[in-house]
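Remarks on the overall topology
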Amino acid sequence: MSDFGFSGIIHCSFSLKFATFFKLITMSVDNTTKEEKPESLNFLEEIIEQDIAAGKHGGRVHTRFPPEPNGYLHVGHATSICLNFGLAKKYNGQCNLRYDDTNPVTEETEYVDSILADVRWMGFEPAGIYYASDYFQQLYDYAVDLIKKGFAYVDDSTAEEIAALKGTPTEPGKDSPYRSRSVEENLDLFQRMKAGEFAEGSKTLRAKGDMASPNMIMRDPLLYRIKFAHHHRTGDDWCIYPMYDMAHGQSDSIEKITHSICTLEFVPHRELYDWCIEKLGIFPSKQYEFARRNLSYTVVSKRKLLKLVNEGHVRGWDDPRMPTISAMRRRGYTAAAIRDWAKRIGIAKRENLVDLSLLEFCVREDFNKIALRAMAVIDPIKVVITNYPADQTEWLETENNPEDPTAGTRKMPFSQELWIEQEDFMENPPPKFFRLSPGTMARLKSAYIIQCDEVVKDADGKVTELRCTYFPNSKSGEDVSGLKPKTTIHWVDAKHAIPAEVRLYDRLFTVEDVANDDRDFKELLNPDSLKVVENAWLEPSLAGAALGQHYQFLRLGYFTVDTDSTPEKLVINRTVTLRDAWAKAKG
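Residues numbered from 1 in each chain as written. Predicted model: local features only at pLDDT ≥ 70, side-chain atom pairs only at ≥ 80, totals over all residues. Heavy atoms only, no water.

Things to note about the pairing of strand 17 (residues 417–421)
For a regular strand, side-chain orientation follows a simple rule: the groups alternate between the two sheet faces. This is how it is decided: Only protein chains enter the calculation, and the probe is 1.4 Å; a residue is then buried if its accessible area is under 20% of its type maximum, exposed if over 50%, and partly exposed in between. Numbered from the N terminus, helices here are DSSP runs of H or I no shorter than four residues, and strands are runs of E no shorter than two. When DSSP finds two or more bridges between a pair of strands, those strands are recorded as paired.
In terms of residue burial, strand 17 counts as a mostly covered element, since four of its five residues are buried. Alignment of strand 17 against strand 22 (residues 492–493), held across two bridges, turns out to be antiparallel. Each bridged residue has a counterpart across the sheet, and for Leu418 the counterpart in strand 22 is Asp493.

Put into structure tokens, the structure is as follows:
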């Protein structure tokens, strides 16, 4: 807003006509709009734009997303997917999906398939789908080249001996006694390693780095190890496998990746990344790092997630309480909401804890646009309208989505017996309780105004039924009753309602920063992270609802049809509450 925008107006004479006042406001807003600066760039975008301006790599942008196929992708991977594919899209480039499948012990085809499904569900299509194993022969040839140039050697030291010789961050390491082997001997031993002549752990291939380097990773890092394990793609063709640092940069180079984006824990590896590329004289891919964006009330450690699955704390990798992409999809989160969230949180060079509430906000924002409205009762109490004909049913019209005029309307049945929520009735209400109680009125959404006349209880004194009267001239849209109830409540028709199991999901942990809590993370699990309602009642329009269909159940929250649903039994997940109850409790 310009300086004149408000301060000038405030000091104007109050005799100005309203039209003139409005015109000044409008002009000020228009000027502000014209003066708005373009969206600021993050540091990676600045690097890319500088590279394009300098004509580096011919102005080409090529990124990659390189997951290990040893588990299901989680919310951290989701942000990396959005970043890598998003940068490629913004700069008319390409992004590869490359599986870092260099550890055959932990990799499975199940994970390979799930990763590709997750990437596509997130709304991205890889320019190419590759595997580090595609390059095993090329990587082997690179290792041979390093040996021939005197930059690598075969070491017979044990893991313990290597660690002992490595030194400390303040003390230099010591050379391995095998570091001085001749090129010819190293070539022979490395070829025999490949042929399977040596036992696991008996030999490794190491780079000749600098044993006095302040970067511990550069102290003769391991490049290859022996591992007799069946690989999910190459079978038993190989018994030596490249280490991460041997596969990462060289795979990037083979694919001519221009911007290799990693998280901050790989900063110390960048020196070795550059070293290998320089010594081999291959395409100069470059590594850049950004900070992890940790999510509150959850963990993303694969080790910890695996414990939750194997010890039965959750029902599997796609349990809707888990932070995996497959779990978020099953819970009902949309790819659009996750992309929006990733854009809002941006990227940084320092690690930070992102509030889960922001992700939930993005889900609500998307659901408001796409979710059909419906009525459901999850804690029912029966209402009998005593002055409504017992044999009559009328069909009342209500909107499908007030946020989307094209969504149309639907018809809901209304008859003598209804279900409402237990919490919408109190026999002895406190002050300012405006819902139903004896002698008070409430409007039924898209229906009539009713008044509670009588309360029916069982032998234990529990309220089981409310007997009410309705006002025929109070029909929504045609109300001429003159009555002014102070609340509107939702309901479903008992005669036509369909039963469902509703799963009320909440946060998996009770503390915000699980990773930095000294207690065993399993002690921090939320005992109320799942509540199952076996006998909820839904309006009949949900009969045959498709798997994954999104709904806003009026006054209850946002819900999605679960994959456990069958034609005989609907199972509905609460995706997110209507409002952020955790923030309210925290406040």
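Re the side chain of Arg503
The line we're drawing: Between two residues, a contact is recorded if the distance between any of their heavy atoms is within 4.5 Å.
Residue position: Arg503 is located in strand 23 (residues 498–505). The residues contacting Arg503, other than those within four sequence positions of it, are Arg315, Arg330, Leu530, Lys531, Val532, Asp562, Asp564, Val571, Ile572, Asn573 and Arg574.

Some points on the pattern of salt bridges
Close approach of charged atoms allows side chains of opposite charge to pair. The condition that has to hold: When a carboxyl oxygen of Asp or Glu is within 4 Å of a side-chain nitrogen of Lys or Arg, the pair counts as a salt bridge.
Counting across every chain of the model gives 40 salt bridges. Put simply, Asp252 and Arg98 hold a salt bridge, and the shortest N to O gap is 2.5 Å. Taken as a pair, Asp252 in helix 9 (residues 244–254) and Arg98 in strand 2 (residues 94–99) lie far apart in primary sequence, 154 residues in all. When its relative accessible area of 0% is taken as the criterion, Asp252 is described as buried.

Some remarks on the side chain of Asn573
Note the threshold: Definition of a polar contact: a pair of N or O atoms within 3.5 Å, with one able to donate and the other able to accept a hydrogen when the atoms are protein atoms, and with sequence-neighbouring residues admitted only if both atoms are side-chain atoms.
Along the polypeptide, Asn573 turns up in strand 27 (residues 570–576). We classify Asn573 as buried; its relative accessible area is 0%. A polar contact of 3.1 Å, which involves the side chain of Asn573, links it to the backbone oxygen of Arg330. Every residue in contact with Asn573, bar those within four places of it in the chain, is listed here: Pro320, Arg330, Arg331, Arg503, Tyr505, Tyr558, Phe559, Thr560 and Asp562.

Some details on the sheet that holds strand 24 (residues 530–538)
Taken together, seven strands build an open sheet; the order of strands is 12-25-26-27-23-24-13 and the sheet is mixed. Bordering the open sheet on either side are strand 12 (372–374) and strand 13 (376–377), each of which pairs with just one other strand. As judged from the five bridges shared by strand 23 and strand 27, these two strands associate in the parallel manner. Each residue of the ladder has a partner; that of Glu501, found in strand 27, is Val571.

Regarding the nonpolar core
The criterion, for reference: In plain words, nonpolar cores are sets of buried Ala, Val, Leu, Ile, Met, Phe, Trp, Tyr and Cys residues tied together by side-chain atoms within 4.5 Å.
Formed by 36 residues in total, the largest nonpolar core has its most connected members in Ile81, Ile338, Trp341 and Leu359. Secondary structure elements with two or more residues in this core: helix 4 (75–90), strand 2, helix 5 (109–121), helix 12 (325–331), helix 13 (335–345) and helix 14 (356–370). A per-element tally of this core places helix 4 first, with six residues. Residues in contact with Leu359, not counting those within four places in the same chain, are Leu295, Met328, Tyr333, Ile338 and Trp341. Counting residues in hydrophobic clusters, the runner-up holds 34 residues, among them Val144, Met193, Leu223 and Ile282.

So, the packing of helix 13 against helix 14
Put simply, the rule is: For every element, the axis is a line fit to its C-alpha atoms; helices are fit only across the contacting stretch, and the angle between N-to-C directions ranges from 0 to 180 degrees. Any angle that falls under 35 degrees is termed roughly parallel, while one over 145 is termed roughly antiparallel, one within 65 to 115 roughly perpendicular, and all others oblique. In this scheme the crossing of two helices becomes right-handed for a clockwise turn of the near helix relative to the far one and left-handed for an anticlockwise turn of less than a right angle. Charged residues are taken to be Asp, Glu, Lys and Arg, nonpolar residues to be Ala, Val, Leu, Ile, Met, Phe, Trp, Tyr, Cys and Pro, and polar residues to be all remaining types, Gly included.
Here helix 13 crosses helix 14 at 135 degrees, and the two axes come no closer than 8 Å. The orientation of helix 13 with respect to helix 14, classified from their angle, is oblique. The interaxial crossing formed by helix 13 with helix 14 has right-handed handedness. Between helix 13 and helix 14, the residues in contact are Ala336, Ala337, Ile338, Asp340, Trp341, Arg344 and Ile345 and Leu358, Leu359, Phe361, Cys362, Val363 and Asp366, respectively. Classifying every residue of the contact of helix 13 with helix 14 by side-chain character gives 10 nonpolar, no polar and three charged.

Some thoughts on the pairing of strand 4 (residues 152–155)
The alternating pattern of strand 4 places Ala152 and Val154 on one face and Tyr153 and Asp155 on the opposite face, and all of these are buried. The sheet contact formed by strand 4 and strand 5 (residues 204–207) spans four bridges and is antiparallel. Bridge pairing links Asp155 to Thr204 in strand 5.

Observations concerning the sheet that holds strand 14 (residues 380–385)
Within the open sheet, the seven strands sit side by side as 21-18-19-20-14-17-22. Their pairing is mixed. Looking at strand neighbours, the two that pair on one side only are strand 21 (488–489) and strand 22, the edges of this open sheet.

So, the environment of Ser476
Relative to the helices and strands, Ser476 is located in the loop between strand 20 (463–470) and strand 21. Sequence spacing of Ser476 and Leu396 is 80 residues, and the spatial spacing of their C-alpha atoms is 8.9 Å. In contact with Ser476, not counting residues within four places along its chain, are Arg443, Leu444, Ser446 and Ala447.

A short note on the confidence of the model for the protein chain
For any part of a model where pLDDT is low, the fine detail of the predicted coordinates should not be relied upon. Stated formally: Every residue gets a pLDDT, meaning the predictor's confidence in that residue, from 0 to 100.
Confidence in the prediction for the protein chain averages 92 pLDDT; 92% of positions are at 70 or higher. Predicted confidence for residues 1–34 stays below pLDDT 50, and this span has 16 contacts to residues more than four positions away or in other chains.

Some points on helix 9
For the α-helix, the turn length of 3.6 residues means that residues three or four positions removed from each other point alike. Counting buried positions over the 11 residues of helix 9 gives nine, a clear majority of the element. Among the residues of helix 9, Asp245, Met246, Ala247, His248, Gly249, Gln250, Ser251, Asp252 and Ser253 are the ones counted as buried. After helix 9 finishes, the residue Lys256 shows a positive phi value of roughly 55 degrees.

Description of helix 8 (residues 183–195)
Here is the rule we go by: By definition here, a helix of n residues has an expected span of 1.5 Å times n minus one. The directions considered for the arc are those from the helix axis to the C-beta atoms.
End to end, helix 8 covers 18 Å across 13 residues, agreeing with the expected 18 Å (1.5 Å per residue, within 8%). For helix 8, the full list of buried residues reads Asn186, Leu189, Phe190 and Met193. End-on, the buried residues of helix 8 take up no more than an arc of 100 degrees, which puts them together on one face. Buried residues belonging to helix 8 abut helix 6 (136–148), strand 4, strand 5, strand 6 (222–226) and strand 7 (240–242). Where helix 8 terminates, the next one or two residues include Gly196, which has phi positive at roughly 85 degrees.

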